[in-house]
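Residues per chain are reported as follows:
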Amino acid sequence: MHQSNPVTALDALVIGAGFSGLYQLHCLRDRAGLSVKVLEAGGDLGGTWYWNRYPGARCDSESHSYCYFFSKALYQEWEWSERYPGPPEILRYLHHVAERFDLKRDIRFDTRVVAAHYDEDENCWQVRTEAGDRYRATYLVSAVGCLSSANVPDIPGLESFAGRWYHTGEWPHEGVDFRGKRVGQVGTGSTGIQSAPVIAREAAHLTVFQRTAQYSVPARNAPLDESFRRRVREDYDAIRDAVRSTPNGHPFRIAKRSVFDVDAKERHAIYESAWEKGGLQFRASFRDLVLDRTANDTAAEFIKQKIRAIVRDPRTAAALADIDHPYAAKRPPIDTDYFETFNRDNVALVDLRAEPIERITPAGIRTRAREYPLDIIVFATGFDAMTGPLLRMDIRGRGGRTLAEAWREGPNTYLGLQVPGFPNLFTVTGPGSPSVLTNMPVAIEQHVEWITDCISWMRANGVDRCEAAPEAAERWGAHVNEAANATLLPLATHSWYLGANVPGKPRVFMPYAGGLARYRAHCDDVAAKGYEGFVMCSGKPSAS
Ligand code: NA7
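Residues numbered from 1 in each chain as written. Predicted model: local features only at pLDDT ≥ 70, side-chain atom pairs only at ≥ 80, totals over all residues. Heavy atoms only, no water.

J.: I'd like a rundown of the overall build of the chain, residues and numbers included.
T.: Helix and strand counts for the chain come out as 16 helices and 20 strands. At 23 Å, the chain has a C-alpha radius of gyration in line with the 24 Å of a compact globule built from 544 residues. Projecting the C-alpha coordinates of the chain onto the three principal axes gives extents of approximately 70 × 55 × 45 Å. Buried residues in the chain amount to 58% of all 544 residues. Counting every atom, the chain has about 21,600 Å² of accessible surface; 47% of that belongs to carbon and sulfur. Looking at the chain, you have 65 positive and 68 negative side-chain charges, and the mean spots of the two groups are 1 Å apart. (Helix = DSSP H or I, 4+ residues; strand = E, 2+ residues; numbered from the N terminus. Rg over C-alpha atoms; globule rule 2.2 N^0.38 Å. Buried < 20%, exposed > 50% of the residue type's maximum accessible area, 1.4 Å probe, protein only. Areas by Shrake-Rupley, 256 points an atom, 1.4 Å probe, with all protein chains shown as cover. Lys, Arg positive; Asp, Glu negative; His and termini not counted. Charge placed at Lys NZ, Arg CZ, Asp CG, Glu CD.)

J.: Go over the side chain of Asn343, please, and point to the residues and values.
T.: The topology assignment puts Asn343 in the loop between helix H11 (338–341) and strand S12 (347–351). Of the polar contacts made by the side chain of Asn343, one reaches the backbone nitrogen of Arg312; its length is 2.8 Å. Setting aside residues no more than four positions away along its own chain, Asn343 makes contact with Ile310, Val311 and Arg312. (Polar contact = N/O pair within 3.5 Å; in protein donor to acceptor, adjacent residues only side chain to side chain. Contact = heavy atoms within 4.5 Å.)

J.: Outline the site of the ligand, listing residues and values.
T.: Neighbouring residues of the ligand: 18 residues in total, closest Thr191, Arg211, Thr212, Lys330 and Arg331. At 3.2 Å from an oxygen atom of the ligand is found a side-chain nitrogen or oxygen belonging to Arg331. Of the residues in the shell around the ligand, the class split is seven nonpolar, eight polar and three charged. (Near = heavy atom within 4 Å. Nonpolar A, V, L, I, M, F, W, Y, C, P; charged D, E, K, R; others polar.)

J.: Report on the side chain of Ser63, specifying residues and quantitative values.
T.: Here Ser63 lies in the loop between helix H2 (48–51) and helix H3 (72–77). Among the residues examined, Ser63 registers a relative accessible area of 1% and is labelled buried. Excluding anything up to four places from it in sequence, Ser63 contacts Trp80, Glu82, Arg83, Pro85 and Leu224.

J.: Explain the nonpolar core to me, and be specific about the residues and the numbers.
T.: Counting residues in hydrophobic clusters, the biggest one holds 84 residues, and the most contacted among them are Tyr68, Tyr93 and Trp450. Counting residues per element, this core draws most heavily on helix H14 (residues 440–460), which supplies ten residues. Beyond its immediate stretch of four places on either side in the chain, Tyr68 contacts Gly18, Phe19, Leu22, Tyr23, Leu74, Tyr75, Tyr93, Leu94, Val97 and Glu445. (Core = buried A, V, L, I, M, F, W, Y, C linked by side-chain atoms within 4.5 Å.)

J.: Break down the sheet that holds strand S14 (residues 364–367) for me, citing the residues and quoting the values.
T.: Ordered in space as S13-S14-S15, the three strands form an open sheet in which the pairing is antiparallel. Edge positions in the sheet fall to strand S13 (357–360) and strand S15 (371–373), since each of these pairs with one other strand and no more. Strand-to-strand, the axes of this sheet are offset by a mean angle of 20°, without reference to chain direction. One ladder, built from three bridges, connects S13 with S14; its direction is antiparallel. Paired with Arg359 across the strands is Arg366, a residue of S14. (Pairing = 2+ DSSP bridges. Axes fitted to C-alpha atoms, helices over the stretch in contact; angles between N-to-C directions.)

J.: Lay out the sheet that holds strand S7 (residues 164–167) with the relevant residues and their values.
T.: The strand order across the open sheet built from five strands is S7-S16-S8-S9-S12, with neighbouring strands paired in parallel fashion. Only two strands of the sheet have a single partner each, and these edge strands are S7 and S12. Averaged over all adjacent pairs, the angle separating strand axes in this sheet is 20°, with direction ignored. The pairing of strand S8 (residues 182–186) with strand S16 (residues 376–379) spans four bridges and is classified as parallel. Within the sheet, the bridge partner assigned to Val186 lies in S16 and is Phe379.

J.: Would you mind going over the packing of H14 against helix H16 (residues 516–528) in detail, with residue names and values included?
T.: Look at H14 against H16: their axes get within 11 Å of each other, and the N-to-C directions meet at 0°. Classified by the angle their axes make, H14 and H16 are roughly parallel. Across from Val442, Ala443, Gln446, His447 and Trp450 in H14, the residues of H16 making contact are Leu516, Tyr519, Arg520, Cys523, Val526 and Ala527. In the contact of H14 with H16, the residues fall into eight nonpolar, two polar and one charged. (Parallel < 35°, antiparallel > 145°, perpendicular 65-115°, else oblique.)

J.: Break down the state of the cysteines for me, with residues and values.
T.: This model, assessed by the stated rule, comprises zero disulfides. A disulfide-free cysteine, Cys67 has its sulfur positioned 9.8 Å from the sulfur of Cys59, the nearest such atom. Cys67 sits in the buried class, given a relative accessible area of 2%. We note that Cys523 lacks a disulfide partner, and the nearest cysteine sulfur, in Cys454, lies 11 Å from it. For Cys523, a relative accessible area of 0% translates into the label buried. (Disulfide = S-S within 2.5 Å.)

J.: Requested: an account of the pattern of salt bridges, with residues and values cited.
T.: If you walk through the whole model with that rule in mind, you get 31 salt bridges. For Arg233, the salt bridge is made with Glu226, and the minimal N-O distance between the two is 2.9 Å. Judged by its relative accessible area of 22%, Arg233 falls in the partly exposed class. Among the residues examined, Glu226 registers a relative accessible area of 35% and is labelled partly exposed. For Arg353, the salt bridge is made with Asp324, and the minimal N-O distance between the two is 3.0 Å. With Arg353 in the loop between S12 and S13 and Asp324 in the loop between helix H10 (314–320) and strand S11 (334–335), this residue pair connects regions lying 29 residues apart in the sequence. Look at Asp324 and you get partly exposed, because its relative accessible area is 38%. A single network of salt bridges, built from pairs that share partners, joins Arg29, Asp30, Lys37, Asp102, Arg105 and Asp106. (Salt bridge = Lys/Arg side-chain N within 4 Å of Asp/Glu carboxyl O.)

Now the structure itself:
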């Protein structure tokens, strides 16, 4: 650590000013009465939505559930304009929250944390920023998000490319002018499926490079009318209770019926109506869609038939429908005209399974079959998810052990909230928690409130340090595996849920698939039992 700059001493330091960091600041400062600062790498608040401004970017959760529920007044005074909000509207909402709760005065923007070392003698975290500023805090809360470390594939020759290239997760705020350009888009996950139709409308030509074909269901985005908005205001209590009691934190219930409770005709009608309604609710059509392969096959086949019906060129349709994993085993995208885009004259699909990328040349992308001349490459290639944002900081716990060392075999946490050996470090939506399998703000609120209660409890009980017990973390890790294995999710072996999209990353199923409601009950139970599974100590570590 640099010793030159003066140190700002605080009770708590929060890293990140997205949904998590803003609420964590409010809770720790205004409810628990701590001195708190938030350090944010971006030039403004918003987290994911500050960075992900690519064409077509839109939230997959419905707006009336993609927000905070902690304040009824806040919920009722905000009006969403569309079924699925885009970055500008979400950012307006977060600015409104920040102003309403006077948060900005305690946030430092353009401040990237590069190191956080636990100081055993002082029982505090010594934190350093890229600019060399120093902080010390008793509690360190990581609110860095799960999908904030862009994954730019290591394709040979990228540096030689004569055109411009961009990653969707670090999109230039001034936008990109695609007019008259030949664009290549690599990646067809949720992001690529959103961006391709919008880029295609502007560019001279778009080539989509697909490695893994994906299911997608229409989003059916639309403006919200006043009667819907009034209903949402009036139904606040019911909507809040729904998002808190459903497995994925969405405002809809998963059907109680199983796929084979109904005959083929009725099943088809159910899928058809879910397709027309659009959105992630499609997955909730039957209770066993992500539990039973044969049941899943019926949904998979329904979507594949839709793809074949929409896409006119049979070869393109076949490549788009050649999906090798169960429906929803990878994060299921929702789209606006994705498959329809391949009917445009200026759009082509390249199937990378048939012709893998060999290298990037000054002129474009060369696959095993040929070179595709391009002016712009868009990498919609996702993120080093969940662990990436934490591991890119130099975090060291007791005995100077780095987080990278502690997680060499994959993330090891108790409840996704704490890591053994890293006292008083809390990770909002950390690996091992439901996080990315849910409507994020709901999971975030649960974590932020739990962390706030835990810290308040420590202070009320004269406890100086809280640290996940290694045995508790080990048991939890086994349970996270068990929960994943009870579903079809691990069958998508190339999924970022498993870390498989980043070469060399340990293959561990990272999010908790047991459902948010069940997880919440478990966390509440742990707290009610005096934070069972966490070691609570007083005095200096050396003295204990
Ligand atoms: P995803 O879901 O990780 O999708 C990334 C896409 O990029 C996916 O199609 C990948 O194919 C593809 N990819 C990644 N690396 C390469 C290389 N080297 N070559 C070719 N293709 C590649 O990220 P998104 O941004 O779409 O979505 C992330 C989450 O953000 C989303 O789930 C929402 O929660 C919000 P692959 O499938 O790995 O073969």
